[in-house]
Each structure stands twice: as C-alpha cells, then as structure tokens.
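Results of the structural survey
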Amino acid sequence: MFVDYVEVQAKGGDGGAGAVAFRREKYVPRGGPAGGDGGRGGSVILQADAALRTLKDFRYQKHLRARNGQPGGSSDKTGADGEDLVVQVPVGTIVRDVDTGELIADLVAHGQRAVMARGGMGGRGNARFATAVHRTPKFAEKGEAGEERRASLELRVLADVGLIGYPNAGKSTLLSRISSARPKIADYAFTTLNPVLGVVEAGDDSFVVADIPGLIEGAADGVGLGHEFLRHIVRTRLLVHVVDVSEFSGRDPIRDYEVIRRELALYEAGLEVKPEIVVANKIDMPGAPARACALAEALESKGVPVLDISALTGEGVRALLYAVSARLAQLPPEQLPIVHGPEAEEPRRYTARGPRLRDVSISRDGDVFVVIGEGAERLVERTDLDNEAALNRLYGMLARAGVMDALREAGMDEGDTIRIGDTEFVFAESYNMRRG
Ligand SMILES: Nc1nc2c(ncn2[C@@H]2O[C@H](COP(=O)(O)OP(=O)(O)OP(=O)(O)O)[C@@H](O)[C@H]2O)c(=O)[nH]1
Ligand SMILES: [Mg+2]
C-alpha cells in the first residue's frame, strides 16, 4: 500500500530542571550557590532520505518523542541534553502543522532536515541567580516543556514529467516501454493504484517520469482514485497527456481531453497552464488514425501539438521522447519553495523581562482573574511553585512589570483567585501570593 498522507504527534523533550545546591568546602560554613543548569530537551527532527518511497512506516509510528534533558546537579554540574529523535522521510515530503496549517518544511533534497518539535530549554540552576544582594538564592528554574504539535506529512512525488489521462489510456504501458519501471498493466480501469516513477534515458539526457492512476470527470472533487494523486502532478515540469484514440474504446478523444483539462484547472489554479504534450495512443488499432487526426485538428487552434504513438508496438515513441527532452531543455528547472525548519536558528534562551511580562491582558472567568500573556504564562511555567523563594521571585517580577497593579485596577482583592496559564493563585496582600 502506498501511503502518502499521514498525521503524527511530535513532542520535543522537556528541559531538565535547574538545581538548587550550595558549595561545601572545608572551613567554609556556608558556601555560595552551586546548582547547575538543566540540560536541553531533544528535538524531533525530520530528515529526507532519497532511498525511501512511502510514508507507510508512520502508520505504526504516530507518536514521535525526543528524550528529556537531565536535571542540573550540585557543584555546578549541567544536566545532559536529551537526545534528538531523527526520523527519516522520503524526499518530497511536505510537513504542516495540522492545527494552524502552517508550513513547517518542504523536504526536497536528500539529507535536508527540519525541526518538527523543538526540545525545551533547561532551567537555570540557582548559581545563576546570585546577585550582590541575594548571595544565596534558594530557588532554581524548572525546565521548559518541549514543543508539542500535530503535524501532517504529505508526500509529493518529484518527477520531471507526469503522465495523465483517463484510466486504461495506456499510461503504464508507455512508462514500461520507455523505462525499466514495471508498472502493472491490464485492460481495466484503475489498474495503477500508486504513483510509479521511471527514469527515462533519451540520448545523453535522462528524466524522471511519473505514472499515476487515471483521472476521470469529477476527479478534482474526489471522484475516483485519481484525485489523491493529482497532488503529484503539481510538481512536475511537463505533462504528457495520454488519450486513447482507438475506436474499440468507444470513447470520444476530444471530450476525454477536455474533461481532464477541466479537472486540472479545478484542482489547483496554475495546473492548467503547465506545459503539455498530447499523445494519441493506440494508433495501431483500427480507426485510430482518423480519430487521432480529429483530435490534432481540434487542438491545433490552441497550439497544442499531438503526437501519434502506440505504446504497445513502440511506434512513434522515439519521436515522443525526443519531443519531451527538447521541451524539458527549454523549461526552467522547477523552483521548489524550500522552507527550512527553524533548525538553523540558535537555541534561544527565553528570559522573561519587563516588556514581555507587561504584555498581558486581564479578564474574568467568574470570580477568577485570568492573566493572559505569553511572557507571564511562561514565567509561571518555569517557576518551581513548591519553592517559597521561587514564588517570591515570581511575585516580584510580576509586581515590577506592573501586572499586580493592573490586577488591582481590575478589581482584584484580598483572597481573590488569579489564574496564569494552568496555575491558580490566591492573592493575599500580606503573603504576596500563595499557590491556590
Ligand atoms: N492496442 C494497444 N493497446 C494498448 C496500447 N497501450 C495500452 N494498451 C492496452 O490498454 C490497456 C490499458 O493499459 P494501461 O497501460 O494499463 O493503461 P493505464 O492508462 O495505465 O490505465 P490505469 O492505470 O487504469 O489508469 C492494456 O490492456 C494495454 O495493453 C496501444 O498502444 N495499443
Ligand atoms: Mg496504469
């Protein structure tokens, strides 16, 4: 089975917590803070591999998780970073955030990498918080949670030429004649169920041709099998449109041609202007030459050339290959939009400072005052709420940023509940803030 669309859940490793520790030296009754930083969580990274052809492994591997960072230790020991999880995907895989639709990466080259879910930063150990005034801070930061997201992986075959046409038109027969690919061929519709790629050698030239399942009327709306595979056509540089002109088929070649063109336009704007070569296939059959002639006449006004071939006997196939390689030579190599993952960026260390903390909005949820703002939420997330000293620091930072004043202005009073992120606090003037 050819799987070319899957959804997975990716979770970067959590950062390790910073340590609270103090130096112990002989004759020094109370040493300075020596709690090390936590290690960084590993990231979930995708890497394109040209040897892979499908996404089917992901049917059994839908949860991708990188390792957590280790907590910091005493004597300023930094915790070990969590190992990245590197997952191989086929070249041509497009990665999107399912919830936002955001394009995460477009992996078009062997070895190209993208970060799907970043690991969390490690928390800072108490050694980092020592100042001239507070020489022995008794708190450390928690590690940041690893990024978590639902992502879709979609495989778009990368080929120079796409074979399109109605089922049974002879696309697979043609590919088997011009390349060493051995697609299934049979006298019934929808014989081809998966895209098949073949490398075609034409003189000094070579190009990749994709044989895809036949399209029918309504394909762009999801009718028939062809719809799912229309996406593979998007990336080809040239279309070879195969039309069955045998009398035996009982089909109308001109109508067939036009229906497929219409489906292309309906599927994605721009597909209908992709360069195209039309082949009238099965020219060996009775009645075919006359019908091929009628098709050529109908298309002449549009400037679309029609080549007569028999994929079965090989008649006209050399001329077709010559025409294809000449046409490809005129076309620019496809400009693929390469979107790199955030991998190249330096790992950022998030520090909540005044401006970020100040950027909050306050709303009410019943009796609860809700503080919304990324800076404040992340500060709370990284604060060790079971530690009095850490809680005091949190309060101090929120107060200095003006958040406490804003809450009072909003009507908050002694004993009221404040919610920041997932955590609720009870406000008590005398105690500053207590965890709720
Ligand atoms: N006489 C004759 N028969 C042909 C020719 N090309 C293909 N056929 C026959 O047409 C039938 C369908 O051919 P396929 O190559 O499987 O057609 P397809 O376009 O790949 O069909 P789908 O995979 O269903 O979309 C087979 O029985 C072929 O042998 C040709 O040039 N002449
Ligand atoms: Mg086929």
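None of the values given here were measured: they were computed from a predicted structure.

1. Things to note about the layout of surface pockets
- Estimated volume of the largest pocket: approximately 530 Å³.
- Taken together, 31 residues make up the lining of the largest pocket; nearest its centre are Asn168, Ala169, Gly170, Thr173 and Lys282.
- Per-element tally for the lining of the largest pocket: the top contributor is helix α1 (residues 171-178), with 3 residues.
- Along the lines of polarity and charge, the residues of the lining of the largest pocket split into 13 nonpolar, 11 polar and 7 charged.

2. Some details on the confidence of the model for the chain
- Looking at the chain, the pLDDT average stands at 85 and 90% of residues meet or exceed 70.
- Note on residues 335-352: pLDDT under 50 across the span, and 44 contacts to partners over four residues away in sequence or across chains.

3. Looking at the pattern of salt bridges
- Summed over the entire model, instances satisfying the criterion amount to 22 salt bridges.
- Across the salt bridge formed by Asp14 and Lys11, the nearest N and O atoms sit 2.6 Å from each other.
- Taking the relative accessible area as the measure of exposure, Lys11 reaches 11% and is therefore buried.
- Notably, a salt bridge pairs Arg23 with Asp76, separated by 2.9 Å at the nearest N-O pair. On the criterion of sequence distance, the pair formed by Arg23 in the loop between β1 (5-11) and β2 (44-49) and Asp76 in the loop between β3 (63-65) and β4 (85-90) is long-range, its members being 53 residues apart.

4. A few points about unusual backbone geometry
- Even without being glycine, Ser75 reaches a positive phi, approximately 55°.
- If you trace the backbone, Ser75 turns up in the loop between β3 and β4.
- Note on Ser75: relative accessible area 56%, which makes it exposed.

5. Thoughts on the packing of aromatic side chains
- Across all of its chains, the model carries 1 aromatic pair by this definition.
- Taking the centre distance of 5.1 Å and the plane angle of 40° together, the rings of Phe129 and Phe139 count as tilted. Note that Phe129 is positioned in the loop between β7 (113-117) and β8 (148-155) and Phe139 in the loop between β7 and β8, a separation of 10 residues in sequence.
- Between the NZ or CZ atom of Arg251 and the centre of the ring of Tyr166, over which it lies, the distance is 4.1 Å.
- Positioned over the ring face of Phe369 is Arg364, at 4.2 Å from the centre of the ring.

Parameters and conventions
- Residues numbered from 1 in each chain as written.
- Chains lettered and ligands numbered in written order.
- Predicted model: local features only at pLDDT ≥ 70, side-chain atom pairs only at ≥ 80, totals over all residues.
- Heavy atoms only, no water.
- 1 Å grid on protein atoms, 1.4 Å probe; cavity = no way out; pocket = protein on both sides within 12 Å on 5 of 7 lines; lining within 4 Å.
- Points joined across faces, edges and corners; volume = space filled by probe spheres on them.
- Helix = DSSP H or I, 4+ residues; strand = E, 2+ residues; numbered from the N terminus.
- Nonpolar A, V, L, I, M, F, W, Y, C, P; charged D, E, K, R; others polar.
- pLDDT = per-residue confidence, 0-100.
- Contact = heavy atoms within 4.5 Å.
- Salt bridge = Lys/Arg side-chain N within 4 Å of Asp/Glu carboxyl O.
- Buried < 20%, exposed > 50% of the residue type's maximum accessible area, 1.4 Å probe, protein only.
- Phe/Tyr/Trp six-rings, centres within 6.5 Å; stacked < 30°, edge-to-face > 60°.
- Lys NZ or Arg CZ within 6 Å of the ring centre and 35° of its normal.

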